[in-house]
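Observations on the three-dimensional arrangement
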Amino acid sequence: RGLPTEAAPRWAPPCCSVLMERRWGGPPAPLQLGGAGGAQAQACRGAGGAGGNTAQSLIVGPAIEGMLGSMMCAFDRIASLSASACGGCQKDLHSHRRQMQQDPSLAHVFVVKPLAECGMEAARATQRGARLVHEGRPDEALRELHDARQLAPNSHEACCNLGCVYHLSGDDNAGLHWYREARRLFPRGETAVLAQAFLEQRKGFPEEAVRILVGFLQEVDSSHVGALRQLGKLHIREDQWSKAAGVYHKLIAVDPTSDEWPSQLQLCLNHLPVKNDFGEPVLNPGGGGIGGMFALAFSMAEPMLRSTVDPKEGRSTNAFATLGGAGGGGHSPRNCRASTEDGYGAGGERGPGRGAGPPAGLQRLREAKQLLEAGRAEAAIPLYEGLLRQDPRSGEALLGLAECHADAGRLDAALEAGKQLLGVRPDDAEANLRVAELLLSAGYSAEMVEPYLKWAGNVPNGGRTLRLRMLCAQAQIALLREDYAKANASASEAVRIDAEAPKALLLLGHARLRVAEYAAALRALNAASSTAGARSRGGEARRLRATAHTLAAEAHERQRQYPQALQEVQRALELAPGLPQARVVRATALQQSGRDREAESELEDLLQTEPSNAAARLQLGYGQLCAGDPRAAATLEGILSGPAVGRSTLGAAKAYLAVALEVQAERSYDRGALQRAEMLAKESLAQHRNLQQVWRGIEGGPAQPVEALQRLRGICDLDLTTVQAKQLLKLLARAHGRSELARGGGSSG
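A few words now on the packing of helix α4 (residues 138–151) against helix α5 (residues 156–168). Interhelical geometry of α4 versus α5 gives an angle of 165° and a closest axis separation of 9 Å. Our classification of the angle between α4 and α5 gives roughly antiparallel. Classified by chirality, the crossing of α5 by α4 is left-handed. Between α4 and α5, the residues in contact are Pro138, Leu142, Leu145, His146 and Arg149 and Ala158, Cys159, Asn161, Leu162, Val165 and Tyr166, respectively. When the residues that make up the contact of α4 with α5 are grouped by side-chain class, the tally is 8 nonpolar, 2 polar and 1 charged.

Now the structure itself:
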């Protein structure tokens, strides 16, 4: 910031692990020096710099300006000489610089930082990861940082480091997951808050970014310069000039020495409407009205006045309620409780809100609803869009448009409509619940969904239908978290409310399937499939039935009923061609029935279109392991270094990989591979829920190797042959000091 065009910051080569920045103009500025072990160079003062671990600073005075210039020239020569031998590093450095130039105030956020009090092994893995990032080897860095995360599972810094490297390597989805996990472990952490807000805004969810920043300012530090600056810039991007002006006014009070805040405040004032001393817009400021800076200043004062006194009730409100609301000066979801007579107006202004406009508009709204209920979502979309052109804040039209896009399978468009709906009805239970349901359908994490579900549940006496949908959403979240007891309880309660609700029956069958209650699961899934056509719309009904058939196929496959499983898969694919989950189940049934080539071809075709499909990669790796294919280890490694997956999926991948490495170690006498196999087996035990329960029974009882093998082979979601069960038992026994189990397991047939 503030560099003249003829002067640019000079950079040391990344392989030297030194990052140097020089600021020009004004008084001498600090020179930041950092190392590869996580202490990155950061800005010493200014926007976004309040908070975070700062590196050591050296104040450069005028007396040593010449020496500094000589040092910079030397570093330039080193960089040019190292380009030929370290081209990859230079390329990675320039890529990193381009990313940081997008928002220099976040340079201190997206860096790998050392772990605090997490053990020497985790700290060393983090140091290795930071060095590999500087060397332009992000894949290897991720592997080290994942190891650090496994060694320090409760460290929010480890999650932030993973999020940072995933973001810098271009995978913002994985980066978001790890920053959300960091906030779950430590909600008050500023790094995770600022990074998640930035990535949410980049993904097209500015309201979520605002909600995160406002929550941090309300609950942790109301004067945090970095959060305030990021919030102000976000409001400017969304053309919410009044809110942005309020933020920069706060920044002037917090940091009066900076010259950035007055200039940004002036920018906001220049975009605000000119108003007279009664707050009424002046159409012609030069024609007798009150114009100039007085009118602009009065406009800027509106958000501060609203934050002090509620315009309808005359009571005090939170100052950040105005800053956080969605729309032009509205209230935030946490503080908005009043609405206008006709709807939820913005900033206390009367607006159409919930109404659909004149009688002709009401008629078109009824026609659109009838088309949607008849399963003709595509025909209803133009009607809803026409209504929104007349009244962009029509809640019914926005909700209907979201339903149409969701019915047609366009979840991104549905979420965009849901986002606009929340801007109109931030506290409405239906709006929050529908956004939560859309996020679940789109595959977002439970942490992303829960805030909306919480606000939907804050409305007392929401009615039977709302209660049913809430229970279904809670069951889905429990399934995502592998809390099958809670999922079963929520789904069972939903079925008690409505015994023919297809989604409730589907979720109940899913929960029963995960605890190996196959007969009960099939009953619920068959009922869901039969009722979906009568109780749901066209696109939604097809998806529900396809999912029910897929889960039924999985239940048949678990019971070794392979022909029935393949029949159910065929029904699912007829309803939803190319459904990934159904194709994985088909490959599993083919593999288990001895048709290995067909199974491998199915999985490889699926991974061509969906390379991040962890279930397909896990099944392919297991098939290669059973066939003695040396590619099995590399296939399974892709799950460990890829995007985040469920705990049991990750635990199964580590168990299979441990067996594969143990086989390789026996063949090549590789002690390092054997040690890693034992470590992976121990980690799989900590992550795979069913394996953990079985091992507790084995470890707590007498040494009976044959029974131990039978128990391992009986795990419903971990396929193991007798030989593989022996190998895994041997690894677990050695890792837990039960060598008698290893000896017995190895000798028993």
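Summary statistics for the protein chain give a mean pLDDT of 74 and a share of 70% for residues scoring 70 or more. Element-level mean pLDDT values for the protein chain span from 36 in strand β1 (residues 30–32) up to 94 in helix α22 (residues 502–514). Note that pLDDT drops below 50 for residues 282–358; the model gives that stretch 160 contacts with residues more than four away or on any other chain. A low-confidence stretch, residues 744–749 (pLDDT under 50), is modelled with 10 contacts involving residues beyond four sequence positions or located in other chains.

Relative to the assigned elements, Asp428 resides in the loop between α17 (411–424) and α18 (429–441). Polar side-chain contacts of Asp428 include one of 3.1 Å to the backbone nitrogen of Ala431.

In this section: helix α16 (residues 395–407). If you check α16, its first and last C-alpha atoms are 18 Å apart, about what 13 residues at 1.5 Å a residue would give, namely 18 Å. With 12 of 13 residues buried, α16 is to be regarded as a mostly interior element. Buried within α16 are the following residues: Gly395, Ala397, Leu398, Leu399, Gly400, Leu401, Ala402, Glu403, Cys404, His405, Ala406 and Asp407. A positive backbone phi angle near 85° is found at Gly409, which sits one or two residues after α16.

All told, the structure shown has 5 aromatic pairs when counted by the stated rule. Taking the centre distance of 4.9 Å and the plane angle of 35° together, the rings of Tyr622 and Tyr656 count as tilted. Here Tyr622 is found in helix α28 (residues 614–626), whereas its partner Tyr656 is found in helix α30 (residues 647–668), with 34 residues between them in sequence. On the basis of relative accessible area, Tyr622 is assigned to the buried category, the value being 6%. Each residue in the set Phe110, Tyr179 and Phe198 is aromatic and connected to the rest through ring pairs, giving one cluster.

Mapped onto the secondary structure, Glu678 falls in helix α31 (residues 671–687). Here the alpha-carbon distance between Glu678 and His736, two residues 58 residues apart in the chain, equals 9.9 Å.

Attention now moves to the pattern of salt bridges. Opposite charge on two side chains makes pairing possible when the charged atoms of those side chains draw close. According to the stated counting rule, one finds 35 salt bridges in the structure shown. A salt bridge links Glu403 to Arg434; its shortest N-O distance comes to 2.8 Å. Remark: Arg434 occurs in helix α18 and Glu403 occurs in helix α16; sequence separation between them is 31 residues. Across this residue pair, the class does not change: Glu403 and Arg434 are buried. A salt bridge links Glu602 to Arg586; its shortest N-O distance comes to 3.1 Å. Residue Glu602 is found in helix α27 (residues 596–609), and its partner Arg586 is found in helix α26 (residues 580–592); the two are separated by 16 residues along the sequence. For Arg586, a relative accessible area of 22% corresponds to the partly exposed category. Where salt bridges share partners, they join Glu403, Glu430, Arg434, Glu437 and Arg469 into one cluster.

Cut-offs used in this document
- Residues numbered from 1 in each chain as written.
- Predicted model: local features only at pLDDT ≥ 70, side-chain atom pairs only at ≥ 80, totals over all residues.
- Heavy atoms only, no water.
- Axes fitted to C-alpha atoms, helices over the stretch in contact; angles between N-to-C directions.
- Helix = DSSP H or I, 4+ residues; strand = E, 2+ residues; numbered from the N terminus.
- Parallel < 35°, antiparallel > 145°, perpendicular 65-115°, else oblique.
- Left-handed = near helix turned anticlockwise from the far one by under 90°.
- Contact = heavy atoms within 4.5 Å.
- Nonpolar A, V, L, I, M, F, W, Y, C, P; charged D, E, K, R; others polar.
- pLDDT = per-residue confidence, 0-100.
- Polar contact = N/O pair within 3.5 Å; in protein donor to acceptor, adjacent residues only side chain to side chain.
- Expected span 1.5 Å × (residues − 1).
- Buried < 20%, exposed > 50% of the residue type's maximum accessible area, 1.4 Å probe, protein only.
- Phe/Tyr/Trp six-rings, centres within 6.5 Å; stacked < 30°, edge-to-face > 60°.
- Salt bridge = Lys/Arg side-chain N within 4 Å of Asp/Glu carboxyl O.

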